[in-house]
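Structural features, examined
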Amino acid sequence: MKLVMDNVQFSYDRGSPAERIVLDSVSLEVRERELLSIVGRTGSGKTTLGLVMAGLLSPARGRMTIEDASVGGSTVAREGITDDASIAIPATTGGRNTRTPRRKPTAKRGAEGVDVVMVFQFPESQFFEESVLGELAFGPSRLGLTGEAIQRRAVSAMQKVRLDFHALSTRSPLSLSDGEKRKVAIASALTCGPRFLILDEPTVSLDWEAAVHTFEVLRELTQSGVSVIVMTHEVEDVLAYSDRIAVLTEGRLVALGRLSRDEIYRVLSRDEAPTSGGSLTSRGRKS
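Note that this is a predicted model, so its numbers are computed, not measured. Sequence positions are assigned chain by chain, starting from 1 and proceeding in written order. Residues qualify for local features only when their pLDDT is at least 70, as the model is predicted, and side-chain atom pairs are given and counted only at 80 or more; totals for whole chains, interfaces and linings, by contrast, use all residues. As a rule here, side-chain values come from all non-hydrogen atoms in the structure, and water together with hydrogens is ignored.

Some details on the packing of helix 2 (residues 132-142) against helix 5 (residues 178-190)
In this analysis an axis means a line fitted to C-alpha atoms, helices contributing only their contacting stretch, and an angle means the value between N-to-C directions, from 0 to 180 degrees. Strands are runs of DSSP state E lasting at least 2 residues, helices are runs of H or I lasting at least 4, and numbering of each runs from the N terminus. For the pair helix 2 and helix 5, the least separation of the axes is 7 Å and the interaxial angle reads 30°. Judged by the inter-axis angle, helix 2 sits roughly parallel to helix 5. Taken together, the residues of helix 5 that come into contact with helix 2 (itself represented by Val132, Glu135 and Leu136) are Val184, Ala187 and Ser188. The residue makeup of the contact of helix 2 with helix 5, split by class, is four nonpolar, one polar and one charged. Note on terminology: angles under 35 degrees are roughly parallel, angles over 145 are roughly antiparallel, angles of 65 to 115 are roughly perpendicular, and the others are oblique. A contact between two residues is defined here by any heavy atoms of the two lying within 4.5 Å. Residue polarity is assigned by list, with Asp, Glu, Lys and Arg as charged and Ala, Val, Leu, Ile, Met, Phe, Trp, Tyr, Cys and Pro as nonpolar; anything else, Gly included, falls into the polar class.

Notes on the nonpolar core
Only buried residues count toward a nonpolar core, which is a set of Ala, Val, Leu, Ile, Met, Phe, Trp, Tyr and Cys residues joined through side-chain atoms within 4.5 Å. Relative accessibility decides the category of a residue: with a 1.4 Å probe and only protein chains considered, values under 20% of the type maximum give buried, values over 50% give exposed, and everything between is partly exposed. Within the largest apolar cluster, 44 residues are counted, with the highest numbers of intra-cluster contacts made by Met158, Leu197, Leu218 and Leu221. Looking at this core element by element, the count peaks at six residues for helix 5. Aside from chain neighbours lying at most four places away, what touches leucine 221 is Lys160, Ile186, Leu190, Leu197, Val226 and Val228. One finds Met5, Val22, Met64 and Met231 within the second-largest nonpolar core, a separate group that totals 31 residues.

A word on the layout of surface pockets
Here the second largest pocket defines a volume of roughly 200 Å³. Along its surface, the second largest pocket is lined by Arg153, Ser156, Ala157, Lys160, Leu190, Thr191, Gly193, Pro194, Arg195, Ser224, Gly225 and Val226. The element contributing the most residues to the lining of the second largest pocket is helix 3 (residues 147-160), with four residues. Lining residues are those with an atom within 4 Å of a point, where the points come from a 1 Å grid over the protein atoms alone and group into cavities, where a 1.4 Å probe fits but cannot get out, or pockets, open sets with protein on both sides within 12 Å along at least five of seven lines. Grid points are joined across faces, edges and corners, and a volume is the space filled by probe spheres set on the points.

Description of the sheet that holds strand 3 (residues 35-39)
Two strands pair under a simple rule: DSSP has to find at least two bridges between them. If you trace the six strands from one edge of the open sheet to the other, you get 6-7-8-3-9-10, paired in mixed fashion. Looking at which strands have only one partner, the edges of the open sheet turn out to be strand 6 (116-119) and strand 10 (252-257). Within the sheet, the average angular offset between the axes of one strand and its neighbour, ignoring direction, is 20°. In the packing of helix 1 (residues 46-53) onto the sheet, the strands contacted are strand 3, strand 6, strand 7 (196-200), strand 8 (227-232) and strand 9 (244-249), and the crossing angle to strand 8 comes to about 155°. Seen against the sheet, helix 6 (residues 208-223) touches strand 3, strand 7 and strand 8 and runs at an angle of roughly 150° to strand 8.

So, helix 6
Residues three or four positions apart in an α-helix share a direction because the helix packs 3.6 residues into each turn. Helix length check: helix 6 (16 residues) gives 23 Å between terminal C-alpha atoms against 22 Å at 1.5 Å per residue, within 8%. Against the buried residues of helix 6 lie strand 3, helix 3, helix 5, strand 7, strand 8 and helix 7 (235-238). Directly beyond the C-terminal end of helix 6, a positive phi value near 110° is found at glycine 225. Each helix should span, by expectation, one fewer than its residue count multiplied by 1.5 Å.

Structural data, given as structure tokens:
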């Protein structure tokens, strides 16, 4: 199973004098069971790339496919410009006020699940149910599941993100800590049974311990068969956990592979890499 982007271009305010090319000829392949991190400075196009991957925006040029080698076929998720309404989400939102799209799949596989789900940067902007259970139940109910089937998915998803379902299920998601909110948002995505899980800045606002736990959870998800794509500007955070790292600069994919810290900063044109004080290996840890 692969998610393949072929020569994808995307612009906001398309056809107007204010048109901005946000993604420029991006070609990328996300492999099965890998954790791929896409890093870049703020405004480099990471969130927009995630929205295109999730099928929430349609590219102006190029195409995105989900290829399943086990059946020898592929499913075209987005190809060319097909829907002007798809450009309504501005590049700078980071997912704010886009509650419904988080649950919108690229392709549906019946009650089994969906192909792609995206978790946005700010969990509180995604929550609209009164309880954690309500959040967890929303996705599978849209897939046609009911009762015990939803309960099983909810319990399993909470276990995968290392949260106690019975302790938290009746609580309001807005009453949780930042780390718990992030994990509930991930769990609610997992109840949809995605093959590809996209996360926009998953460690923003988290302390060292919560950030480490989040990445440990994401690594474990790849072992269970989910491909994970992390969008972040925090280069230091992803080095220890990523199978591959892609670098996005001004909408262009400029490097991809098992990149070292120095290689990433060199590509980003920094004179020298900063000290490791901001990395998950040291951030917030007491000596």
